[in-house]
Amino acid sequence: MKQCRRVLAVFASMTIAVTALSGCGAGSGDKRQIIRIGHNQATDHPTNIALTAFEEYIEERLGDKYNVEVYPSELLGSQTDMVQLTQTGAIDFCVASNSILETFSENYTLFNLPYLFASSQAYHQSMDDPEIVGPIFESTKKAGFQAVTWIDAGTRNFYTVSTPIESPADLKGLKIRVQQSPTNVEMMNLLGGSATPMGFGDVYTALQSKVIDGAENNEMALTSNGHGDVCKYYSYDMHQMIPDILIGNCAFLDELPEDEREIFEEGFQLVNSVEREEWVKSVEAAREKAENEQGVTFLYPDTKPFQEICESMHAKMIEKYTDLEPIYHKIQEYNTQYPTDAE
Ligand code: GCU
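Residues numbered from 1 in each chain as written. Predicted model: local features only at pLDDT ≥ 70, side-chain atom pairs only at ≥ 80, totals over all residues. Heavy atoms only, no water.

### Digging into the pairing of strand E3 (residues 93–97)
Then step 1. For E3, a buried count of 5 out of 5 residues is recorded, marking the element as mostly surrounded by other parts of the structure.
Then step 2. Side chains Phe93, Val95 and Ser97 project from E3 onto one buried face, and the interleaved Cys94 and Ala96 project onto a second face that is buried too.
Then step 3. Across 5 bridges, E3 lies against strand E10 (residues 244–249) in antiparallel orientation. When the sheet's bridge partners are listed, cysteine 94 is paired in E10 with isoleucine 247. (Buried < 20%, exposed > 50% of the residue type's maximum accessible area, 1.4 Å probe, protein only. Helix = DSSP H or I, 4+ residues; strand = E, 2+ residues; numbered from the N terminus. Pairing = 2+ DSSP bridges.)

This is the structure:
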């Protein structure tokens, strides 16, 4: 399946290389400008559902001018590849995890901190606050791209093939896949596991072939990516709430006439709201499927020992990136207001 995806990725990239020159449907007489959006989730995932809603919205409002094409499942390459394609304008938009963006702008480090948000309400309020996200979303403009909205990706937790994680001590000696970001590697090593960074598309095979003992992600990875076929313990240590970010090529965005830009901005908000609504339903369905069909056991350890180990990362980050300090404190205000998730 992976082989097949790679062949498709090469094919899709070649098609883009040919059509990007004109930006229109090559040779078809179709004069509409093609807008390409890449992401790494399956077609039934909330991200794809939300981007399809965006496609429909833009084509409904500006369909005589634009033809929006959504490429799911890493068809255009890994997230890092897609960010680079968006940077150069080879494609117009892609969804990247906040973790990946840390290597493009240090400002993104903030949202990768473990236990940054006290509750999902504090997380959502913070991500909806322009004073918090604004400076971060714009920080890559010089690099040629900017964030246009955020996408909920729930809470990240550890899951393993065969070791129940009840406390940090259980992670000792285990090879755990993390996303390719310095913060994630540091977190994993502090918690006692052996951090194994790799791209999302390689995780299933790595788990199956026992190159790694486990990974960490939201519940959707168990079902949508099949990790629950191999991993039988999912442990709610709640270490991170890392958003996904829809990023766009700056030249494309800046060249849009004002009235069209407004319609695109409405489209970005639609992505956010549709995804968030779908997310709640999808996670619930994923938990049910994982438990009942894949035989995954969900564990609820005391999160405090995990949190205490990671605490030093907060002060260290503020000391290193002083510009982020006021934003960090603003998040703490939301944490005080929403200290726990209301059931
Ligand atoms: C989540 C997230 C993706 C990310 C993936 C990962 O699925 O939504 O954007 O790529 O985690 O762990 O790499």
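### Here's the deal with the pattern of salt bridges
Then step 1. Within the structure shown, the criterion is met by 9 salt bridges.
Then step 2. When the shortest N-O distance is used, the salt bridge between aspartate 128 and arginine 276 registers 3.0 Å. Linking aspartate 128 in the loop between helix H6 (120–127) and helix H7 (130–137) with arginine 276 in helix H12 (residues 258–292), this pair joins segments that are 148 residues apart in sequence.
Then step 3. Residue glutamate 278 is joined to lysine 281 by a salt bridge in which the shortest nitrogen-to-oxygen separation is 3.3 Å. (Salt bridge = Lys/Arg side-chain N within 4 Å of Asp/Glu carboxyl O.)

### Focus: the site of the ligand
Then step 1. Taken together, the neighbourhood of the ligand is formed by Asn40, Gln41, Gln79, Ser97, Ala153, Arg156, Arg177, Gln179, Phe200, Asn217 and Asp244.
Then step 2. Between glutamine 179 and the ligand, the recorded distance is 3.4 Å, taken from a side-chain N or O atom to an oxygen atom.
Then step 3. Aspartate 244 is positioned such that a nitrogen or oxygen atom in its side chain is 2.5 Å from an oxygen atom of the ligand.
Then step 4. Looking at side-chain class alone, the shell around the ligand contains 2 nonpolar, 6 polar and 3 charged residues. (Near = heavy atom within 4 Å. Polar contact = N/O pair within 3.5 Å; in protein donor to acceptor, adjacent residues only side chain to side chain. Nonpolar A, V, L, I, M, F, W, Y, C, P; charged D, E, K, R; others polar.)

### Here we look at the packing of aromatic side chains
Then step 1. By the definition in use, this model includes 18 aromatic pairs.
Then step 2. For the pair phenylalanine 93 and phenylalanine 252, a centre-to-centre distance of 5.7 Å together with 80 degrees between the ring planes defines the contact as edge-to-face. One end of the pair, phenylalanine 93, is in strand E3; the other, phenylalanine 252, is in helix H11 (residues 250–255), and 159 residues separate them in sequence. Note on accessibility: phenylalanine 93 and phenylalanine 252 belong to one class, buried.
Then step 3. An aromatic cluster is defined as three or more aromatic residues linked by ring pairs; in this entry it consists of Phe54, Tyr66, Phe93, Phe252, Phe264 and Phe268. (Phe/Tyr/Trp six-rings, centres within 6.5 Å; stacked < 30°, edge-to-face > 60°.)

### Concerning the environment of valine 185
Then step 1. Assignment of secondary structure puts valine 185 in helix H8 (residues 182–190).
Then step 2. Looking at valine 185, the relative accessible area reads 25%, which means it is partly exposed.
Then step 3. Taking C-alpha positions, valine 185 is 7.6 Å from threonine 196, a pair spaced 11 residues apart along the chain.
Then step 4. With residues near it in sequence (within four places) discarded, valine 185 still touches Val178, Ala195 and Pro197. (Contact = heavy atoms within 4.5 Å.)

### Looking at the packing of helix H2 (residues 46–62) against H12
Helix-helix packing is described using two parameters, namely the angle between the two axes and the distance between the axes.
Then step 1. Contact pair H2 / H12: the axes reach a minimum separation of 8 Å and the direction vectors enclose 150 degrees. Here H2 is positioned roughly antiparallel relative to H12, judged by the angle of their axes. The two elements H2 and H12 cross, and the hand of that crossing is right-handed.
Then step 2. Taken together, the residues of the contact of H2 with H12 sort by class into 16 nonpolar, 3 polar and 5 charged. (Axes fitted to C-alpha atoms, helices over the stretch in contact; angles between N-to-C directions. Parallel < 35°, antiparallel > 145°, perpendicular 65-115°, else oblique. Left-handed = near helix turned anticlockwise from the far one by under 90°.)

### Some words on unusual backbone geometry
Then step 1. In this structure, serine 73 takes a positive phi of about 55 degrees despite not being glycine.
Then step 2. Residue placement: serine 73 occurs in the loop between strand E2 (66–71) and helix H3 (79–88).
Then step 3. Judged by its relative accessible area of 25%, serine 73 falls in the partly exposed class.
Then step 4. One non-glycine residue with positive phi stands out, namely tyrosine 115, at about 55 degrees.
Then step 5. Of note, tyrosine 115 is situated in the loop between helix H5 (109–112) and H6.
Then step 6. The class of tyrosine 115 is buried, set by a relative accessible area of 12%.

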